[in-house]
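A structural walkthrough
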Amino acid sequence: MIKFKKIAALALTAVIGVTALAGCGAGKMGDKLVMGTNAAFPPFEFTTSNGIVGEFDGIDVAIAKKIAESMGKTLQIEDMEFDGLIASLNTGKIDMAVAGMTANPERAKNVDFSDTYFVASQVILVSADNADITKAEDLKNDKTVGVVLGYTGDSIITDTLQIAEDKITRANRGIDVVQDVKNGKLDAVVIDSATGKALAEKNGLKVVEDSEVFDTEEYAIAVNKGNTELLEKINAILKEMKANGEIDALAEKYN
Ligand code: GLN
């Protein structure tokens, strides 16, 4: 009888063990926090041989890692096109989009945004010897302009500046249109300031700023609508990282 009890107990332990494991593997309910991003946006997210999470590194990756750790979870990163992030939140493929994403009313119809963690604006990149583009309005003089599909830069040149469609090239990565400016296929690129400055420096391009046309943009983390539980955790960590200088230190480290 004693032996039987022992075996039964062992069997029960095994069953509990397997159930627990299965529970963890179930993704959202388990030990993983899934971040969606477009890892072609340095210094916020990029790939490298020895990143802080696998091949991924950058300011956003460091912030997301901290959020996951505070929840006792492992950060998993899904790298995708920027344009697909909001849909992936809505279908539950990812838990949060951490992608240098500008919080704006249009996007807020479909997702909830955290508090702001970084302020940027758009800049224009031109070749080093370009003299005829010194402000945003100059782009309207028959200039060919590159942007990243679905970025705020795209809507600014399309809707605000109303550049003709046949003058616009939309790429999936900033570096692709930057290459086009470098080899003379495009006159300019409109892209976020921190990323633009990093890309300009690496590729020998000139940065043109225009605070009259380019408003400030506030980066925030997006979650699916109504996911207040996760949003509150994210805001708590952001608050802590802003107060203790960690975000500033990350901006310094990666710039
Ligand atoms: N801040 C810009 C936007 O939200 C670009 C973001 C990004 O490239 N990852 O559209």
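Described below are features of the structure shown in this document. What you see is a predicted model, and the numbers here were worked out from it, not measured in a lab.

Notes on the nonpolar core
In terms of nonpolar packing, the biggest core is built from 63 residues, with Ile63, Met96, Tyr117, Leu125 and Ile221 touching the most fellow members. Considering every element that reaches this core, the biggest residue donor is helix α2 (residues 59-70), with 7 residues. Leave out the neighbours within four places in its chain, and isoleucine 221 touches Ile63, Ile67, Met96, Ala97, Val98, Asp112, Phe113, Ser114, Tyr117, Ile234 and Leu238. Counting 16 residues, the second largest nonpolar core, distinct from the first, contains Ile157, Ile163, Ala188 and Val190.

Description of the sheet that holds strand β4 (residues 74-79)
Strand order in the open sheet formed by 5 strands is β4-β1-β5-β12-β6, and the pairing between neighbours is mixed. Each edge of the open sheet is held by one strand with a lone partner, namely β4 and β6 (111-120). Inspection of the sheet shows strand β5 (residues 96-97) paired to strand β12 (residues 217-224) by 2 bridges, in the antiparallel sense. Looking at the pairing, methionine 96 lines up with valine 223 of β12. Contacts from α2 reach β1 (32-37), β4, β5, β6 and β12, with the element oriented near 140° to β4.

Observations concerning the packing of α2 against helix α8 (residues 228-243)
As a packed pair, α2 and α8 sit with axes 10 Å apart at the nearest point and diverge in direction by 120°. The orientation of α2 relative to α8 falls into the category oblique. Like other packed secondary-structure pairs, α2 and α8 cross with a definite hand, here right-handed. Contacts between α2 and α8 involve Ile63, Lys66, Ile67 and Ser70 from the former and Ile234, Ile237, Leu238, Glu240 and Met241 from the latter. Residues of the contact of α2 with α8, tallied by class, amount to 6 nonpolar, 1 polar and 2 charged.

Let's talk about the layout of surface pockets
Approximately 480 Å³ is the volume found for the largest pocket. Pro42, Pro43, Ala198, Leu199 and Lys202 are the residues nearest the centre of the largest pocket, which is lined by 15 residues in total. With 6 residues, helix α7 (residues 193-203) is the largest single contributor of residues to the lining of the largest pocket. The residue inventory of the lining of the largest pocket, partitioned by class, reads 10 nonpolar, 1 polar and 4 charged.

What about the packing of aromatic side chains?
Between two aromatic rings, the relevant description is the distance of the centres plus the angle of the planes. Tallied over the entire structure, the rule returns 9 aromatic pairs. Through a chain of ring-to-ring contacts, three or more aromatic side chains come together here, namely Phe41, Phe44, Phe82, Tyr117, Phe118, Tyr151 and Tyr219.

Observations concerning the packing of α2 against helix α9 (residues 246-254)
At their nearest, the axes of α2 and α9 sit 9 Å apart, and the two run at 145° to each other. Regarding α2 and α9, the two cross each other, and that crossing is right-handed. Two secondary-structure elements touch here, α2 through Ile59, Ala62, Ile63 and Lys66 and α9 through Glu246, Ile247, Leu250, Ala251 and Tyr254. Class assignment for the residues of the contact of α2 with α9 results in 7 nonpolar, no polar and 2 charged.

Some details on unusual backbone geometry
Cis geometry marks the peptide bond from proline 42 to proline 43; its omega dihedral reads 5°. Here proline 43 lies in the loop between β1 and β2 (46-47). Even without being a glycine, aspartate 142 presents a positive backbone phi close to 65°. Within the secondary structure, aspartate 142 sits in the loop between β7 (122-127) and β8 (145-148). The class for aspartate 142 is exposed, based on a relative accessible area of 60%. Even without glycine at this site, glutamine 162 takes up a positive phi of about 50°. The class for glutamine 162 is exposed, based on a relative accessible area of 61%.

Cut-off values and rules
Residues numbered from 1 in each chain as written. Predicted model: local features only at pLDDT ≥ 70, side-chain atom pairs only at ≥ 80, totals over all residues. Heavy atoms only, no water. Core = buried A, V, L, I, M, F, W, Y, C linked by side-chain atoms within 4.5 Å. Buried < 20%, exposed > 50% of the residue type's maximum accessible area, 1.4 Å probe, protein only. Helix = DSSP H or I, 4+ residues; strand = E, 2+ residues; numbered from the N terminus. Contact = heavy atoms within 4.5 Å. Pairing = 2+ DSSP bridges. Axes fitted to C-alpha atoms, helices over the stretch in contact; angles between N-to-C directions. Parallel < 35°, antiparallel > 145°, perpendicular 65-115°, else oblique. Left-handed = near helix turned anticlockwise from the far one by under 90°. Nonpolar A, V, L, I, M, F, W, Y, C, P; charged D, E, K, R; others polar. 1 Å grid on protein atoms, 1.4 Å probe; cavity = no way out; pocket = protein on both sides within 12 Å on 5 of 7 lines; lining within 4 Å. Points joined across faces, edges and corners; volume = space filled by probe spheres on them. Phe/Tyr/Trp six-rings, centres within 6.5 Å; stacked < 30°, edge-to-face > 60°.

None of this, on its own, says anything about what the molecule does.
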